[in-house]
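Working through the structure, step by step
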Amino acid sequence: MAVRKIVILNPKVGSGKTTIATNLASYYASTGQPSALMDYDSQGSSTRWLSRRSAESPYIHGIATYENHAGQTRSFALRVPVEVERVIVDTPAAFNKHELLDYVRGADKIVVPVLPSEIDIHAATRTIADLLLVAKIARHEDRLAVVANRVKRNTVVFRSLMKFLDSLEIPVAAVLRDTQNYIRTASEGIGLQELKKADVSKDLVQWKRLVAWLESDNVRARPQPEMLNTPAATPLRPHYRLQ
């Protein structure tokens, strides 16, 4: 199966990038698709989440890009094992336009999480404009979508958010509800897919919609291994380890 690079991107702090990135990595790993979680945020939230995973959990390959590796080239430090089929990229906040181009290079899908607030809507507007105009992500390629995050339906702010998203002419891949389930997954190093189905049935419906969009075919070709910094590497191990 061809590797897919999925980038979670929004320079706004607290938009839910790490929550989406970690749960996607867990989703793919739990369904038998080897995944890698690439953490570009110097705060290391995704990396800490990985460190909390038990040895019995489906393996997720972790890459902390912000760490210095003495005696290693950067390309070697960022290598992705050849077995990996899904690369999930958790980007930092407050990046510049040059960094934006680096993050989305070779991306099959780009997800912009947006919270239901005026500040977050404004930030998302600028982010999407940069993706369209600076990164040259064309709408017809179906590579870019928005996720409405931590929403409470039947509220004024939710209706304002959905009206805004509709005006963008960008797909809304999922609407994720505000629930304590995400707090639990963050603290335990697991994903929704790994909780009891009875506890997360509503949430899994929303995530299946997101995954359906992520797995839909693009107009563009799949990235080649060199676009993902994926030279041959050692086989996956049955537990988490940082590079």
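**A closer look at the packing of aromatic side chains**
As enumerated under the stated definition, the model contains 3 aromatic pairs in all. A centroid spacing of 5.0 Å and a plane angle of 65 degrees characterise the contact between Tyr40 and Tyr103, whose relative ring orientation is edge-to-face. Placement of the pair is Tyr40 in the loop between β2 (35-39) and α2 (45-51) and Tyr103 in helix α4 (residues 97-104), with a sequence separation of 63 residues. What makes Tyr103 buried here is its relative accessible area of 7%. Aromatic side chains Phe95 and Tyr103 sit 5.5 Å apart centroid to centroid with 85 degrees between the ring planes, which places their arrangement in the edge-to-face category. Cluster of aromatic residues (ring-pair linked, three or more members): Tyr40, Phe95 and Tyr103. Here the guanidinium or amino end of Arg86 rests over the ring plane of Tyr28, the centre of that ring lying 5.6 Å away. Directly above the ring of Trp213 sits Lys109, whose terminal nitrogen or CZ lies 4.2 Å from the centroid.

**Focus on the pattern of salt bridges**
In total, this model carries 10 salt bridges according to the counting rule given. For Glu194, the salt bridge goes to Arg53, with nearest N and O atoms at 2.9 Å. Highlighted residues: Glu194 in the loop between α7 (181-188) and α8 (197-214) and Arg53 in the loop between α2 and β3 (60-64), separated in sequence by 141 residues. For Glu194, a relative accessible area of 25% translates into the label partly exposed. Judged by its relative accessible area of 10%, Arg53 falls in the buried class. For Asp142, the salt bridge is made with Lys109, and the minimal N-O distance between the two is 3.5 Å. Taken as a pair, Asp142 in the loop between α5 (118-133) and β6 (144-151) and Lys109 in strand β5 (residues 109-114) lie far apart in primary sequence, 33 residues in all. Taking relative accessible area as the criterion, Asp142 reaches 23% and is therefore assigned partly exposed.

**Here's the deal with the pairing of β5**
Taken across its 6 residues, β5 has 6 buried, putting it largely inside the fold. Alternating positions in β5 separate into two faces, Lys109, Val111 and Pro113 on one and Ile110, Val112 and Val114 on the other, with burial throughout. Where β5 lies against β6, 5 bridges are found, and the strand directions are parallel. Along β6, the bridge assignment pairs Pro113 with Val147.

**With respect to α5**
A rise of 1.5 Å per residue sets the reference length of α5, with its 16 residues, at 22 Å; its end C-alpha atoms lie 23 Å apart and thus fit the reference within 8%. Close packing links the buried residues of α5 with α4, β5, β6 and α6 (156-168).

**Thoughts on unusual backbone geometry**
In this structure, Ala94 is a non-glycine residue whose phi angle is positive, near 60 degrees. Secondary-structure assignment places Ala94 in the loop between β4 (86-90) and α4. Given the relative accessible area of 68%, Ala94 is considered exposed. Phi is positive for Arg150, close to 55 degrees, though the residue is something other than glycine. Given a relative accessible area of 38%, Arg150 falls into the partly exposed group.

**Structural notes on the packing of α5 against α6**
Running from N to C, α5 and α6 point in directions that differ by 15 degrees, and their axes come no closer than 11 Å. Considered as vectors, α5 and α6 are oriented roughly parallel to each other. As α5 runs across α6, the sense of the crossing is right-handed. Contact with α5, carried on its side by Ile121, Ala124, Thr125 and Ile128, involves Ser160, Leu161, Phe164 and Leu168 of α6 and no other residues of that element. Tallied by class, the residues present in the contact of α5 with α6 amount to 6 nonpolar, 2 polar and no charged.

**A word on the pairing of β6**
Burial runs high along β6: 7 of the 8 residues are buried. Note on the crossover from β5 through α5 to β6: the handedness is right-handed. Pairing between β6 and strand β7 (residues 172-177): 4 bridges, direction parallel. Along β7, the bridge assignment pairs Ala148 with Val175. In terms of handedness, the path from β6 via α6 over to β7 forms a crossover that is right-handed.

Rules behind the numbers
- Residues numbered from 1 in each chain as written.
- Predicted model: local features only at pLDDT ≥ 70, side-chain atom pairs only at ≥ 80, totals over all residues.
- Heavy atoms only, no water.
- Phe/Tyr/Trp six-rings, centres within 6.5 Å; stacked < 30°, edge-to-face > 60°.
- Helix = DSSP H or I, 4+ residues; strand = E, 2+ residues; numbered from the N terminus.
- Buried < 20%, exposed > 50% of the residue type's maximum accessible area, 1.4 Å probe, protein only.
- Lys NZ or Arg CZ within 6 Å of the ring centre and 35° of its normal.
- Salt bridge = Lys/Arg side-chain N within 4 Å of Asp/Glu carboxyl O.
- Pairing = 2+ DSSP bridges.
- Expected span 1.5 Å × (residues − 1).
- Contact = heavy atoms within 4.5 Å.
- Axes fitted to C-alpha atoms, helices over the stretch in contact; angles between N-to-C directions.
- Parallel < 35°, antiparallel > 145°, perpendicular 65-115°, else oblique.
- Left-handed = near helix turned anticlockwise from the far one by under 90°.
- Nonpolar A, V, L, I, M, F, W, Y, C, P; charged D, E, K, R; others polar.
- Right-handed = clockwise from strand over helix to strand, strands pointing away.

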